[in-house]
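What the coordinates show
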Amino acid sequence: MPAKAQDSDLNYDTSIQPPRAEQREYSYTRHGITVSDPWAWLRDDSYPTIDDEDVLDYVRAENAYFEAQMAGQRGLVDELFTEMRARIKEADASVPQRDGDYEYWTEFEEGAQYLKYYRRPVAGGDAQLILDGPALAEGQEYFSLGAFSVSENGRYLAYSTDTTGGEFYTGFIKDLETGELLEDRIADVNTGLIWAANDTVLVYGRANENWRVDRVLAHTIGQPAESDIELYHEETLGYTASPGISSNREWLVIATGDNETSEVMFTSIDDPTGDLTVIKPRQVGVEYSADFHDDTIYIWTNDEHVNFRLATAPLSNPGEWTTLIEGSDEFYLTGLDLFKDFYVTEGRLNGLDQVQVRYYDDPSRVESIDFPEAAYDAGVANNPEWDVDRIRLAYESLITPDTVYDYHVASRELETLKVQEIPSGFDPSLYTVERLEVRARDGAMVPVSIVYRKDREMGGPLHLYAYGAYGYAVPPGFSTSRFSMIDRGMAYAIAHIRGGDDLGRNWYLQGKMEERTNTFNDFVDVGRGLVEMGYTAEGMVSASGGSAGGELMGAVVNQDPALFGAVVSHVPFVDVLNTMLDDSLPLTPGEWPEWGNPIESKAAFTHLLSYSPYDQVTRQDYPPMLVTAGLNDPRVTYWEPAKWVAKLREYKTDENILLLKTNMGAGHGGRSGRWEGLRETAEEVAFILWQLGVEE
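All values derive from a computational prediction rather than experimental measurement.

The next point concerns the nonpolar core. Counting residues in hydrophobic clusters, the biggest one holds 114 residues, and the most contacted among them are Leu462, Leu464, Phe523, Phe564 and Trp644. When residues in this core are grouped by element, the largest group, ten residues, is from helix α12 (residues 674-692). Beyond its immediate stretch of four places on either side in the chain, Leu462 contacts Ile450, Arg456, Met490, Ala491, Ala493, Leu530, Tyr535, Thr536, Met540, Val541 and Ser542.

In this approach, a probe sized like a water molecule rolls over the atoms, and the result shows the empty space that is left. If you walk through the whole model with that rule in mind, you get two cavities of 30 Å³ or more. Volume-wise, the second largest cavity comes out at about 30 Å³. For the second largest cavity, the full set of lining residues is Tyr467, Gly468, Tyr472, Ala473, Val474, Ala495, His496, Ile497, Gly500 and Asp502. For the lining of the second largest cavity, a count of residues per class yields six nonpolar, three polar and one charged.

The next thing to look at is the layout of surface pockets. When its volume is computed, the second largest pocket comes out at roughly 360 Å³. Along the walls of the second largest pocket sit 21 residues, with Glu330, Leu349, Asn350, Gly351 and Leu503 positioned nearest its centre. Broken down by secondary-structure element, the contributors of at least two residues to the lining of the second largest pocket are β24 (331-338), β25 (343-349), β32 (431-439) and α5 (505-509).

For the pair helix α6 (residues 517-532) and helix α7 (residues 548-559), interaxial distance at closest approach is 9 Å and the crossing angle is 65 degrees. The handedness of the crossing between α6 and α7 comes out as right-handed. Within the contact between the two elements, α6 uses Thr519, Phe520, Asn521, Phe523 and Val524 and α7 uses Glu551, Leu552, Met553, Ala555, Val556 and Gln559. Split by residue class, the contact of α6 with α7 holds seven nonpolar, three polar and one charged.

Compared with the 22 Å implied by 1.5 Å per residue over 16 residues, the 22 Å span of α6 between its first and last C-alpha is a close match. Buried residues dominate α6, accounting for twelve of its 16 residues. Among all positions of α6, only Asn518, Thr519, Phe520, Asn521, Asp522, Phe523, Val524, Asp525, Val526, Gly527, Gly529 and Leu530 are buried. At the C-terminal side of α6, Gly534 shows a positive phi close to 90 degrees.

Attention shifts here to the packing of aromatic side chains. On inspection of all chains with the given rule, the structure shows 35 aromatic pairs. On the numbers, 5.2 Å between centres and 65 degrees between planes, the contact of Tyr288 with Trp321 is edge-to-face. Taken together, the residues span a long stretch of sequence, with Tyr288 in strand β20 (residues 288-293) and Trp321 in the loop between β22 (309-314) and β23 (322-325) at a distance of 33 residues. The exposure classification of Tyr288 matches that of Trp321, with both residues buried. Across from the ring centre of Trp675, 4.0 Å away, lies the NZ or CZ of Arg85, which sits over that ring. One cation-aromatic arrangement involves Arg120 over Trp105; the distance from NZ or CZ to the ring centre is 4.3 Å.

Cut-offs applied
- Residues numbered from 1 in each chain as written.
- Predicted model: local features only at pLDDT ≥ 70, side-chain atom pairs only at ≥ 80, totals over all residues.
- Heavy atoms only, no water.
- Core = buried A, V, L, I, M, F, W, Y, C linked by side-chain atoms within 4.5 Å.
- Buried < 20%, exposed > 50% of the residue type's maximum accessible area, 1.4 Å probe, protein only.
- Helix = DSSP H or I, 4+ residues; strand = E, 2+ residues; numbered from the N terminus.
- Contact = heavy atoms within 4.5 Å.
- 1 Å grid on protein atoms, 1.4 Å probe; cavity = no way out; pocket = protein on both sides within 12 Å on 5 of 7 lines; lining within 4 Å.
- Points joined across faces, edges and corners; volume = space filled by probe spheres on them.
- Nonpolar A, V, L, I, M, F, W, Y, C, P; charged D, E, K, R; others polar.
- Axes fitted to C-alpha atoms, helices over the stretch in contact; angles between N-to-C directions.
- Left-handed = near helix turned anticlockwise from the far one by under 90°.
- Expected span 1.5 Å × (residues − 1).
- Phe/Tyr/Trp six-rings, centres within 6.5 Å; stacked < 30°, edge-to-face > 60°.
- Lys NZ or Arg CZ within 6 Å of the ring centre and 35° of its normal.

Given below as structure tokens:
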């Protein structure tokens with residue numbers, strides 16, 4: 001069905017005046033450069049406690065303005081929410097997966113916001129509810145389950161929860177035989193919970209007051225947490241530590257590092273307090289991870305090639321690395337999974353996911369798993385057991401719902417176990433999927449995945465999405481909510497821009513540090529390219545991104561505001577320079593390898609200043625914008641979007657709507673619960689349709 005875009009007449013209530021955050025004189029000087037920041041006061045001095053009434057009054061006023069302006073769209077929000085919900089099977093269960101003597105699965109009950117967790121004996125018997133998410137979340141404004149780990153003997157469940165959105169989790173232990181919680185409470189957990197020492201000890205990483213995991217501890221079941229033993233303490237600012245367990249469950253593995261450097265150590269899982277053996281000492285710029293098979297360590301590393309190689313080392317000499325799979329300019333090795341009789345490598349070739357089965361006794365034997373579409377998202381899923389003859393895989397595409405496979409290794413056959421059901425119906429034949437390339441201004445060819453209805457008129461509205469940071473490749477996967485735009489005549493495009501590693505590790509490196517602006521340029525150039533190719537028109541492009549993708553939104557509206565008809569920026573990292581100057585913030589020291597350290601480097605300071613979306617707001621027209629924040633967000637603090645919106649209100653020369661919505665009881669991911677989260681998605685889509693003038 002075609003879409004119609006209206007002229008840019010103001011389509012909101014202009015009688016309701018937006019809040020104006022006052023300007024308070026403030027500036028700072030670094031490296032001989034003075035920067036004025038009159039909205040710096042929006043950062044509460046008592047953070048992470050937020051009790052400054054001036055700050056809270058402004059945030060509440062913005063929320064009231066958001067509610068008032070969206071009031072006229074509530075019918076559309078409700079309509080979108082209803083149709084999005086109708087695409088979701090409410091009473092649904094995951095495919096059971098065996099782990100030891102039990103098989104485990106999760107279920108949503110009809111109408112439920114949170115999952116229930118079940119198991120039953122492989123030998124036969126009744127299902128057992130081992131964790132009740134709805135019961136745990138009852139009465140909580142926010143609820144998130146973190147760690148979930150059943151002991152080797154199957155008797156105990158260790159799990160952790162967060163009820164603020166601040167991501168400081170509390171660990172609990174449940175006796176699955178009696179159904180009772182033990183008295184143990186483990187505070188400030190921010191990693192998995194690893195069973196060790198014959199199920200008598202839990203190993204975990206503890207977040208310090210700055211939300212950084214710098215300590216790995218061992219908790220003895222039944223003992224007070226105050227007596228937990230420190231196994232490792234990371235002294236380097238910016239590094240975080242995390243415990244894990246080898247695939248064969250013989251070794252406790254502790255990894256530490258930042259965004260560009262790794263160090264891995266191990267000890268026996270039976271004696272977690274034993275001496276740690278470092279596989280290879282940290283070397284700046286070298287990343288690696290490790291797993292174990294018999295007396296051999298398998299190491300995934302970028303020490304010799306940017307696209308990583310696979311090396312092995314003898315258990316007796318962990319630092320002696322021998323190449324097993326060479327690094328390749330064409331094939332990007334992204335990881336591996338070890339099993340008793342074979343192992344699996346994952347990677348990308350020309351931007352498409354590859355899964356390959358390989359054998360310990362014959363390195364030349366490589367069996368690639370073939371998938372049915374030209375563009376897709378595929379990878380190894382949950383495979384907890386060591387001795388298996390099949391591999392659980394996950395698969396989806398822009399028009400193929402989530403699909404769970406078992407790959408039978410001996411016969412090399414894919415067995416379909418489950419395809420996501422769309423209760424309201426879904427016909428993939430109605431849609432066209434294309435994989436395009438758009439030339440960026442420096443000549444780089446940027447891949448674009450695009451989906452639209454076959455009866456859509458060319459030149460109509462189009463939504464453009466990207467992330468573009470940390471080497472995260474946005475997969476061309478399936479989304480039920482996306483079709484509320486597509487079925488109204490919009491195209492949906494994913495720009496696989498630099499900063500992600502879609503085309504290999506160099507693609508990521510070309511979008512970080514000194515080359516960060518490639519990310520922003522790629523996004524704008526893709527949008528402009530799609531206009532030139534006739535897919536859409538200037539002012540008919542909506543865009544969205546979150547976190548670092550929210551930074552992307554801030555940069556592109558500064559650079560080319562006329563391209564966009566609506567922009568949604570979720571928890572945006574837009575006050576880049578100020579955040580990177582503040583080493584007391586949770587993530588800052590670990591982020592310097594990604595963005596640069598403006599405290600020590602004038603060059604980094606000037607570069608961040610040159611593109612920081614908040615600092616680069618200018619007196620020009622901006623498109624209609626919706627910005628979100630979380631008051632308890634430890635990743636992108638609430639004041640970044642608040643300051644940005646305050647400055648935009650002062651500087652922008654247009655009369656387009658600008659909204660800020662701050663979740664007062666949530667964090668980085670927005671509201672918890674599948675329906676609350678879905679309603680926020682409906683709000684986002686309603687805003688886009690409203691501002692683009694897209695009608696039924």
